[in-house]
Amino acid sequence: MTQRVALITGASSGIGRALAIEATKRGYAVGLMARSSEGINETAKACEALINNTLTNQIHTCIGDVSVEADCKRFVDESLAKWGNIDVLINNAGISMRSMFETVDLNVLKQVMDINFWGTVYATHAALPHIKKVKGGIIGISSIAGYRGLPVRTGYSASKFAMNGFLEA
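What counts and what doesn't
- Residues numbered from 1 in each chain as written.
- Predicted model: local features only at pLDDT ≥ 70, side-chain atom pairs only at ≥ 80, totals over all residues.
- Heavy atoms only, no water.
- Helix = DSSP H or I, 4+ residues; strand = E, 2+ residues; numbered from the N terminus.
- Buried < 20%, exposed > 50% of the residue type's maximum accessible area, 1.4 Å probe, protein only.
- Contact = heavy atoms within 4.5 Å.
- Salt bridge = Lys/Arg side-chain N within 4 Å of Asp/Glu carboxyl O.
- Expected span 1.5 Å × (residues − 1).
- Core = buried A, V, L, I, M, F, W, Y, C linked by side-chain atoms within 4.5 Å.
- Right-handed = clockwise from strand over helix to strand, strands pointing away.
- Pairing = 2+ DSSP bridges.

Undergrad: What exactly am I supposed to notice about the environment of tryptophan 118 here?
TA: Its location among the elements puts tryptophan 118 in helix α4 (residues 106–133). According to the relative accessible area criterion, tryptophan 118 is partly exposed, its value standing at 35%. Not counting the four nearest positions on each side in its chain, tryptophan 118 is found in contact with Val66 and Met113.

Undergrad: How should the pattern of salt bridges be read in this particular structure?
TA: When the charged atoms of two side chains with opposite charge come close together, those side chains can pair. Counting across every chain of the model gives six salt bridges. The shortest N-O distance in the salt bridge between arginine 17 and glutamate 42 comes to 3.5 Å. Of this pair, arginine 17 sits in helix α1 (residues 14–25) while glutamate 42 sits in helix α2 (residues 37–48), and the two are 25 residues apart along the sequence. A relative accessible area of 40% places glutamate 42 in the partly exposed class. The partner of lysine 73 in a salt bridge is aspartate 77, with the nearest N and O atoms 2.9 Å apart. On the criterion of helical spacing, the pair formed by lysine 73 and aspartate 77 is a turn pair, its members being four residues apart in helix α3 (residues 69–83). It is possible to trace a salt-bridge network through shared partners that takes in Asp71, Arg74 and Glu78.

Undergrad: So what exactly am I meant to see when it comes to α3 here?
TA: One full turn of an α-helix is made of 3.6 residues, so residues set three or four places apart face in the same direction. In this model α3 runs 21 Å from its N-terminal to its C-terminal C-alpha over 15 residues, within 8% of the 21 Å that 1.5 Å per residue would give. Those residues of α3 that sit buried are Asp71, Cys72, Phe75, Val76, Ser79, Leu80 and Trp83. Of the surrounding elements, those touching the buried residues of α3 are β1 (5–9), β2 (29–34), β3 (59–63) and α4. Where α3 ends, the next residue or the one after it, glycine 84, has phi of about 85 degrees, a positive value.

Undergrad: Help me out: how do you make sense of the side chain of glutamine 58 in this one?
TA: Relative to the helices and strands, glutamine 58 is located in the loop between α2 and β3. Residue classification places glutamine 58 among the buried residues on the basis of a relative accessible area of 6%. Residues contacting glutamine 58, with those up to four places away along its chain left out, are Gln3, Gly27, Tyr28, Ala29, Val30, Ile51 and Trp83.

Undergrad: Got a minute to help me understand the nonpolar core in this structure?
TA: One broad trend across soluble globular proteins is that nonpolar side chains are buried collectively. Residues Leu7, Val66, Val76, Ile86, Leu89, Met97 and Ala127 are the most contacted members of the largest nonpolar core, which totals 26 residues. Elements represented by at least two residues in this core include exactly β1, β2, α3 and α4. Here this core gets seven residues from one element, more than from any other, and that element is α4. Those residues within four positions of leucine 89 in sequence are excluded, and the remaining contacts are Leu7, Ala123, Thr124, Ala127, Ile131, Gly137, Ile138 and Ile139. Among the nonpolar cores identified, the runner-up in size contains 16 residues, and Ala23, Ile40, Ile51 and Ile59 belong to it.

Undergrad: I keep staring at the pairing of β1 and nothing clicks. Help me out?
TA: The buried count for β1 comes to five of five residues, which makes it a mostly enclosed element. Residues Val5, Leu7 and Thr9 line one face of β1 and the alternating positions Ala6 and Ile8 line the opposite face, and both faces are buried. Since β1 and β2 lie parallel, the crossover through α1 that links them has a hand, and here it is right-handed. Alignment of β1 against strand β4 (residues 88–91), held across three bridges, turns out to be parallel. Note that in β4 the partner of leucine 7 across the bridge is leucine 89.

Undergrad: What is the right way to read unusual backbone geometry from this model?
TA: For residues that are not glycine, phi is negative in most cases, and the peptide bond is trans in most cases. You will see that lysine 135, though not glycine, has its phi angle at about 55 degrees, which is positive. Inspection of the secondary structure puts lysine 135 in the loop between α4 and β5 (137–140). Here the phi dihedral of valine 152 falls at roughly 55 degrees; this positive angle occurs in a residue that is not glycine. Along the polypeptide, valine 152 turns up in the loop between β5 and α5 (154–168). Given a relative accessible area of 29%, valine 152 falls into the partly exposed group.

Okay, here's the thing in structure tokens:
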């Protein structure tokens, strides 16, 4: 029997940590990716505490940045080397921003787009052939800001609109 595998980006805290814990409770092996080694290790420990001692090899951590295509590919490749398959990819990594557009530092908008949109694109591109083999799923954690532009959230709304459009297509 093949182990069910869920890969989760942005797994160092918040929604990503909660998703990792829930996936572990449901019997998935979980691949965790985040920039924060401290946070990802805390998530891994929380997941490991739920695992029956008879189950081994359930958790994989990968320190990386979803805005770097090579990091996403490495995350997928390491997970495949460990388990041989991927059933679910949860694109959770994201950052927010709040600023009037007329005064925003455009580098902040670029960083938001790189993480929220391109991170989803890179991780999905790397995992898609393997997910298709098992007829698995790709999930994107979005926001109401991805359906309705919000005041002082131009970059964040744009990144979530782009992510939603990409995943719908």
